[in-house]
Amino acid sequence: MNSSRVRLRVLALSSCIGLLAFSAHAADVEIPILIKDHHFVPSEVSAPAGERIKFVVKNEDSSPSEFESVDFHREKIVQPGHEITVFVGPLKAGTYEFFDDFHPDARGHLAVK
Amino acid sequence: MLATLIVVFREVLEASLVVGIVMVATRGVPGRGRWILAGCAAGVLGAIVVAAFAGELASLVQGAGQELFNAGVLFAAVAMLGWHNIWMSRHGRELALDASRIGKEVLAGSRPMYALSLVCGIALLREGSEVVLFLYGIVVAGDSTLGGMVLGGALGVLAGLAVGAALYLGLLAIPMRYLFGATSILILLLAAGMASQGAAFLAAANILPSLGDSLWDTSSILAERSMAGQMLHVLAGYTARPEGIQLAFYLGTLLIIGTFMRLARAEPPADRPTRTPAVPEVR
């Protein structure tokens, strides 16, 4: 086999491993949230600035919800009994609102400090 | 009832604005009604299927199925909008200059209507599946009467369609000689906005980095959830607190489609239709 091609493959493979290692290294701040009776529990959460955040949202209701935020532009449907993850940020300091698009009374805030 | 109305209205509005733009862009194209209707019908059917398998879709690819699906259909729509604009750049002038009615029809017939039809279908697929899930949720939770849900849903659909129709009628006021340029810009902005949304989905799934958050914050000037903010969000990708990857995709889309449009305009089309019409012209 052509040696330059082998080198190319090794390079491609190692950069893949590098990328994987990078994404594994970037530890995320995990924020678990429950959707219960069409409300977020807890509805006020916080995270440090400059860290990537991983929302883990579980829907304990019998109807679908949509975890959404205009401030950090995310939307994801959460089927009843299911759990979803949503990656956000790293964010700057400030307050970010999130809501359930299907149940507009369900609102919460993420305080980034 | 009111909650149903508002949620359904928001979703229908998004799809209806997209279809409104497509209808303006295809003004005067023979058979466009059938194309658009077929796209919309396919979109509604697709929405029901997507809603029915939402749980399965979400759990695909280690939980990133929803994001990949949304980003995929959005980028497909971006490609179709771009292809339409590039095609129009290549043939638009001919369309305007070709005096013969038959020449115009030959050209108009080869216009990539399937591209815009698909864009309508994708808009209805995305928004429609949310409406289906939302309405299904109301039935399951039983926190609204069936009559209230149907009435709220119907009013929401009508209100959403009304805004789309108003946009369409408003844009029809653009004089024919500016219409080509104006719709090219509208479609370009629509494509850039969709690309930016698609990028946000990939960032949500941790496939793309966010490249900085809240590059600016104009939410105090124009809130994204306000009526005007939401319309601008759909039509031109307005984002009050954009993240870097969204801006990169937005500008990248403008640049790539814009460059191809320019190139298409520069070179004379090779596949121009024959000058002598197949059927003798009536004098």
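Refer to the structure printed above.
Residues numbered from 1 in each chain as written. Chains lettered and ligands numbered in written order. Predicted model: local features only at pLDDT ≥ 70, side-chain atom pairs only at ≥ 80, totals over all residues. Heavy atoms only, no water.

1. Observations regarding the overall build of chain A
So, point 1. Of regular secondary structure, chain A possesses one helix and nine strands.
So, point 2. Along chain A, from the amino end to the carboxyl end, the secondary structure elements read α-β-β-β-β-β-β-β-β-β.
So, point 3. Per-residue burial for chain A yields a buried fraction of 42% across its 113 residues. (Helix = DSSP H or I, 4+ residues; strand = E, 2+ residues; numbered from the N terminus. Buried < 20%, exposed > 50% of the residue type's maximum accessible area, 1.4 Å probe, protein only.)

2. Some points on the packing of aromatic side chains
So, point 1. In total, this model carries nine aromatic pairs over all chains according to the counting rule given.
So, point 2. With a centroid separation of 6.0 Å and an interplanar angle of 85°, the aromatic rings of A:Phe40 and A:Phe67 are classed as edge-to-face. With A:Phe40 in strand β2 (residues 39-41) and A:Phe67 in strand β5 (residues 65-69), this pair connects stretches of sequence that are 27 residues apart.
So, point 3. Note on A:Phe40: relative accessible area 6%, which makes it buried.
So, point 4. For A:Phe67, a relative accessible area of 0% corresponds to the buried category.
So, point 5. On the numbers, 5.5 Å between centres and 15° between planes, the contact of A:Phe55 with A:Phe72 is stacked. With A:Phe55 in strand β4 (residues 53-59) and A:Phe72 in the loop between β5 and β6 (74-78), this residue pair connects regions lying 17 residues apart in the sequence.
So, point 6. Judged by its relative accessible area of 0%, A:Phe55 falls in the buried class.
So, point 7. Owing to a relative accessible area of 1%, A:Phe72 belongs among the buried residues under this scheme.
So, point 8. Through a chain of ring-to-ring contacts, the aromatic side chains of A:Phe40, A:Phe55, A:Phe67, A:Phe72, A:Tyr96 and A:Phe98 assemble into a single cluster.
So, point 9. The side chain of B:Arg241 reaches across the aromatic face of A:Tyr96, ending 4.2 Å from its centre. (Phe/Tyr/Trp six-rings, centres within 6.5 Å; stacked < 30°, edge-to-face > 60°. Lys NZ or Arg CZ within 6 Å of the ring centre and 35° of its normal.)

3. Quick look at the pattern of salt bridges
So, point 1. This structure, assessed with the given rule, holds nine salt bridges over all chains.
So, point 2. Salt-bridge contacts for A:Asp28 lead to A:Arg52; the nearest nitrogen and oxygen are separated by 2.8 Å. Of this pair, A:Asp28 sits in the loop between α1 (3-25) and β1 (29-36) while A:Arg52 sits in the loop between β3 (44-47) and β4, placing them 24 residues apart in sequence.
So, point 3. Classification of A:Asp28 by relative accessible area gives partly exposed; the value is 28%.
So, point 4. For A:Arg52, a relative accessible area of 16% corresponds to the buried category.
So, point 5. B:Glu127 is the salt-bridge partner of B:Arg126, the closest N and O atoms lying 3.8 Å from each other. (Salt bridge = Lys/Arg side-chain N within 4 Å of Asp/Glu carboxyl O.)

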